[in-house]
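Understanding the architecture of this molecule
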Amino acid sequence: MKIIKREDFKAFVNALIKDSGLDVEGVKAKGEKFAFGPLESADDLRLDYDVTLLPPKKYFLPQYEQLLKFDLSHPFSVDRPEYPRRKVVIGVHPYDIAAIRQMDSYFLDTDISANYLRRRKNTLIIGCDVMKVQEKAFFGSMGTGVMHSGYDLYLTDLGDRVAMEIGTEAGSDLLRYAKNIREASPVEVQKVKAMREAMAQKASRGLIVKPTGWHDLLEKNYESEVWKKQSDKCLGCGTCTLVCPTCFCYDIQDDLNLDLKTGERLRTWDGCLLRKFTEIGSGEVFRDDILDRYRHRFHRKGRYLPDRLGFVACVGCGRCASQCVPDIADPVNLINMLFEASPHLVQDSLSDPHTVRTDLQVIQTGDDAKMLHMPQAATIKRVEKLSAKETMFEITLDSGKTLGHTPGQFVEVSIMGMGEAPISVSSAPNGKSFEIVVRKVGDVTSKIHTMKAGDKVGIRGPFGRGFNVEGLKGRNILFIGGGIGIIPMRSFINYVLDHRKEYGEVTILYGCKEPCEMLFSKEVASWSKRDDIQHKRTVDKCPDGECWDGDLGVITTLIPKVKFDPKTTVAVVVGPPIMYKFVNRELLKLGVPEENIVVSLERRMKCGVGKCGHCQINGVYVCKEGPVFNYRDLKNLPEAFK
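Each residue is numbered by its place in its chain's sequence as written, counting from 1. Since the coordinates come from a predicted model, pLDDT governs what is reported: local features require at least 70, and pairs of side-chain atoms require 80 or more to be given and counted, while whole-chain, interface and lining totals use all residues. Working from all heavy atoms in the structure, the side-chain values ignore hydrogens and water.

1. Describing the side chain of Glu 25
Here Glu 25 is to be found in strand S2 (residues 23-30). Any two residues whose heavy atoms approach within 4.5 Å are treated as being in contact. Excluding residues within four positions of it along the chain, Glu 25 makes contact with Gly 37, Pro 38, Leu 39, Tyr 59, Lys 87, Val 88, Val 89 and Ile 90. Numbering goes from the N terminus for both helices and strands, where a helix is a DSSP run of H or I of at least four residues and a strand is a run of E of at least two.

Right, here's the structure in full:
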């Protein structure tokens, strides 16, 4: 530990500010509150603050971050954002350092974001001890009042002098700007230790269940009446998620300039408390009830991220509680209420609530760090109208490479100036081109419907887990497709038919509302002519004047009309959400084993790499662990078949 006099510390900060190669930011007064911002002088810096309005996560995941710039005259000759300048952030409290380390673990775990990594590596963190405890803070209960890593320098304000601890070589190098530094005396070291212990004690607030027990408590109380009691007061404003240092969800949108020719693609903060967070293109909202959204916020922090990355995503800063108008965001109150409503034994489920798995020193900006949201150029080769709402597009990548997809995977289709949409690949992987079928339901898909052969689109992917085409070889397969569920299913059907001798008995059941909505009519008609498969199709109703030679009734009415061995057949089920409940129930009644039912789910798969949070169902990211799942793995997830 080092000691520097107050006036020399100010000179040190001013020397950093004067360095033209550095952007220096720190905590400043903002009326009666405090906020991180650019420092013009050391006199602006406040180390005696209680908490900032926004956490320092904004330096690594900005509220508005430019991912790329584009020109519609050359739509996929995009400009990448400039490399960020070297930055020093002064005055980061230990709980916010813990949150930054959690954010590192989240964004640098897999599918590493080059944008995030560059900002993180280019920013030096100078932490500081808490001198004043905010009323709602409980970092003492969360074990985040003291951090021993995650910073370059660390400060403790001792009045007429400042204690400094060196965390990294880069932090040590910063001290070249400082003068008159000496070693701390044993008395000064003890004083710093006593101050930290006192602050942690003040920031405890009577949390009954320590963070290692949150997982067990939340899991056992998923249906507790506490959720309804609290969520009835929730305004759904999302403020708690915006001020939280461990909420990392984001959205992506295109912003056109006034010239309507140029623009930028932005990443913006988003929050799971907002109603449209899980809305998909067709308008369905999979977490529509405020109770579900309110509960999800706490389970994400106390169950889902601990299961995935090993830490409780709460550091006890108290920002959410202090900003919530109806006063229902406070984790201390919520956890205590759950325990008091059901005071059963809570087991510790984690060894360390702030485990991190990343080391910035070993992660390089190479193949592991990608521009995750950078599409590659592709050309539309063929357009075929399938119905009033659906059109098929055959696409090739301009690079000349194959897409390399597995049946059941999806791509993000990008239209500069409009945005992106997740679209299932509908063709089997058997050539340089691939096919997608687009339903006209939103801005992006409506724009795609106006495009013709020769037009350019952007493609990211393929993403997700597809059907196990290799593992199912030799097995009997029952395909059950409802509505537009036939689109992703077609890729697997065609693969099986192309490799027919490698699979057992094949049965295809296909249903939709009316004959005019049936897709791939020529292919469907050809299935009936094959003697190596069973095939039946149905519609819910057939309006007067329309021709129809298939069955009438919902899709489940076809199941008793075909022959298959329930014990040895794998059922592949894809359709609208309501269909799964009834089809799966019928299959289970017939004796089809749970592990032999395979489904494909649709959610708002915005990023494709399990980072933005929109497609999450309970603790599962559909874009990464799906969209193809085994029913057995989903049956106990309340949000899976809503």
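Once the structure has been displayed, the description carries forward.
2. Side note on the environment of Asn 333
Here Asn 333 shows up in helix H12 (residues 331-341). Residues Asn 333 and Leu 207, 126 residues apart in the sequence, show an inter-C-alpha distance of 8.0 Å.

3. With respect to empty space enclosed by the protein
Cavity: a set of points on a 1 Å grid over the protein atoms alone where a 1.4 Å probe fits but cannot get out. Pocket: an open set with protein on both sides within 12 Å along at least five of seven lines, its lining residues, like those of a cavity, having an atom within 4 Å of a point. Grid points are joined across faces, edges and corners, and a volume is the space filled by probe spheres set on the points. Taken as a whole, this structure holds seven cavities of 30 Å³ or more when the rule is applied. In this model, the largest cavity occupies a volume close to 110 Å³. Along the walls of the largest cavity sit 14 residues, with Cys 234, Cys 237, Cys 240, Cys 324 and Ile 328 positioned nearest its centre. For this classification, the nonpolar set comprises Ala, Val, Leu, Ile, Met, Phe, Trp, Tyr, Cys and Pro, the charged set comprises Asp, Glu, Lys and Arg, and every other residue, Gly included, is treated as polar. Taken together, the residues of the lining of the largest cavity sort by class into ten nonpolar, three polar and one charged. For the second largest cavity, the lining is made up of 14 residues, of which Cys 244, Pro 245, Cys 314, Cys 317 and Cys 320 are closest to its centre. The class makeup of the residues in the lining of the second largest cavity is nine nonpolar, three polar and two charged.

4. Side note on the sheet that holds strand S8 (residues 123-128)
Strand pairing is assigned whenever DSSP detects at least two bridges linking the two strands. The strand order across the open sheet built from eight strands is S3-S2-S6-S8-S9-S10-S1-S11, with neighbouring strands paired in mixed fashion. Of all the strands in the sheet, just strand S3 (33-38) and strand S11 (182-183) have a single pairing partner and so form its edges. With six bridges joining them, S2 and S3 adopt antiparallel strand pairing. Among the inter-strand pairings, Glu 25 is bridged to a residue of S3, identified as Pro 38.

5. Some details on the side chain of Arg 295
Along the chain, Arg 295 turns up in helix H10 (residues 290-309). Each residue's exposure class comes from its accessible area (1.4 Å probe, protein chains only) as a fraction of the maximum for that residue type: buried when under 20%, exposed when over 50%, partly exposed otherwise. Its relative accessible area of 7% is what places Arg 295 among the buried residues. Not counting chain neighbours up to four residues away, the residues in contact with Arg 295 comprise Tyr 222, Glu 223 and Trp 227.

6. Considering the domain arrangement of the protein
Size of an interface: often given as the accessible area lost when the parts come together. The domains assigned to the protein are domain 1 (2-63 + 76-202), domain 2 (211-349), domain 3 (376-463) and domain 4 (476-600). Note that domain bounds follow an automatic or database assignment of domains. Measuring from the centre of the C-alpha atoms in domain 1 to the corresponding centre in domain 3 gives 46 Å.

7. With respect to the nonpolar core
Across soluble globular proteins, nonpolar side chains show a tendency to be buried alongside one another. Counting residues in hydrophobic clusters, the biggest one holds 135 residues, and the most contacted among them are Leu 16, Ile 90, Phe 479, Ile 480, Phe 492, Val 573 and Leu 587. Beyond its immediate sequence surroundings of up to four residues, Leu 587 is in contact with Leu 478, Ile 480, Ile 559, Ala 571, Val 573, Val 592 and Ile 597. We define the nonpolar core as a collection of buried residues of types Ala, Val, Leu, Ile, Met, Phe, Trp, Tyr and Cys that are connected through side-chain atoms lying within 4.5 Å of one another. Residues Leu 273, Ile 290, Cys 314 and Ile 328 belong to the second largest nonpolar core, which totals 29 residues.

8. Describing the packing of aromatic side chains
Between 30 and 60 degrees the pair is tilted, below 30 it is stacked and above 60 it is edge-to-face, where a pair is any two Phe, Tyr or Trp rings, Trp via its six-membered ring, whose centres lie within 6.5 Å. Inspection of the entire model under this criterion finds 19 aromatic pairs. Relative to Phe 492, the ring of Phe 467 has its centre 4.9 Å away and its plane inclined at 15°; by these criteria the two rings are stacked. Of the two residues, Phe 467 sits in the loop between strand S20 (456-463) and strand S21 (476-482) while Phe 492 sits in helix H14 (residues 486-498), which places them 25 residues apart along the sequence. For the pair Phe 467 and Phe 492, a shared accessibility class is recorded, and that class is buried. An aromatic cluster is built from Phe 60, Tyr 106, Phe 107, Tyr 116, Phe 248 and Tyr 250, whose rings are joined through pairwise contacts.

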